[in-house]
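Structural features, examined
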Amino acid sequence: MDVASSEIFETGTPVACRSCQARHGVVCGALSNAQLKELNRHSLRRKIEAGSEIIAQGSESSFYSNIMRGVVKLCKMMPDGRQQIVGLQFAPDFVGRPFVRESTLSAEAATDAEICVFPRNLLDRMIAETPELQRRLHDQALNELDAAREWMLTLGRRTAEEKVASLLHLIATHAEPQTAISTAFDLPLSRAEIADFLGLTIETVSRQMTRLRERGVILIENSRHIVVPDLDELERISA
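Okay, so let's go over this structure. (Residues numbered from 1 in each chain as written. Predicted model: local features only at pLDDT ≥ 70, side-chain atom pairs only at ≥ 80, totals over all residues. Heavy atoms only, no water.)

**Considering the overall build of the protein chain**
Defined as follows: Each helix is a run of H or I in the DSSP string that is no shorter than four residues. Each strand is a run of E no shorter than two, and both are numbered from the N terminus. Throughout, the radius of gyration refers to the C-alpha atoms, and the reference size of a globule is 2.2 Å times the residue count to the power 0.38. Only protein chains enter the accessibility calculation, which uses a 1.4 Å probe; a residue is then buried when its area is under 20% of its type maximum, exposed when over 50%, and partly exposed in between. The contact criterion used is simple: two residues touch if any of their non-hydrogen atoms lie within 4.5 Å. We get accessible surface area from the Shrake-Rupley algorithm with a probe of 1.4 Å; when it comes to residues, only the shown protein chains can shield them.
Secondary structure assignment for the protein chain yields nine helices and eleven strands. By the compact-globule yardstick of 18 Å for 239 residues, the protein chain fits well, its C-alpha radius of gyration being 19 Å. Within the protein chain, the fraction of its 239 residues that count as buried is 42%. Sequence separation of 24 or more characterises 67% of the internal contacts of the protein chain that already satisfy a separation of 6 or more. When the accessible area of the protein chain is evaluated, it comes to approximately 12,800 Å², of which 52% is carbon and sulfur surface.

Quick look at the structure:
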């Protein structure tokens, strides 16, 4: 899109949406200016503290949301009460499953986060009216399926070092803006949560983090702040 047409396009865009990180995401990027205005009239931005639940497993939700800031963890509760982290979502990901009211997972803020909440019925109508939105949501579902298959490979075949490196690379490339070769972020998960997510023990996670630090692949500051000097090297180890 050239500069002139971009300016014309943004002129009709609600002011609150113009600087929004989700503006060109799966949902909002497929909507017309008129649809964005309608969605904006019924949307609400919410700040969520780390550890707060956004959607409960088995509950009927009347809203969807876009992640504006922070990290959200998706969890599955087993019948005996055990819980497993099954995924992470980052800005500007879409939270919710269209046309299915009862959530099969719980969504919880892993860090302090901000989300844009909008009514389920309104977006369901827009989905039915907008083929481009249908296509984008379909593409997102396929991408999530590919990511789940890749994570199955990580859990089933990769070494402990590769597992930890894979998770760090995932967070490094999604959680915070990065430079061409390096990035820095705060771990959104505790060592215990990382261990559960990767199918490892806490001791193994700590040992692999120490090994990566000693090799200069990562720098660890204040126990949870991670600096990755060379993303390509971290990716090489994870693969």
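**Looking at helix α3 (residues 33-41)**
The line we're drawing: What the arc covers is the set of directions going from the helix axis to the C-beta atoms.
Within α3, burial applies to N33, Q35, L36 and L39. For α3, the angular spread of the buried residues around the axis is 155 degrees, confining them to a single face. Facing away from the buried side of α3, by more than 90 degrees, are the exposed residues A34 and R41.

**Overview of the sheet that holds strand β1 (residues 44-48)**
Going by this rule: Criterion used throughout: strands pair if DSSP finds at least two bridges between them. All axes here are fitted lines through C-alpha atoms, helices being fitted over the stretch that makes contact, and every angle between N-to-C directions spans 0 to 180 degrees.
Read from one edge to the other, the open sheet built from four strands follows the order β1-β8-β3-β6, with strand pairing classed as antiparallel. Strand pairing shows two members of the sheet lacking a second neighbour, β1 and β6 (94-95), which therefore form its edges. By the bridge criterion, five bridges tie β1 to strand β8 (residues 113-119) in an arrangement that is antiparallel. Considered in β8, the bridge of R46 is made with I115. Along the sheet, helix α4 (residues 120-129) contacts β3 (63-69), β6 and β8; its crossing angle with β8, the most-contacted strand, is approximately 70 degrees.

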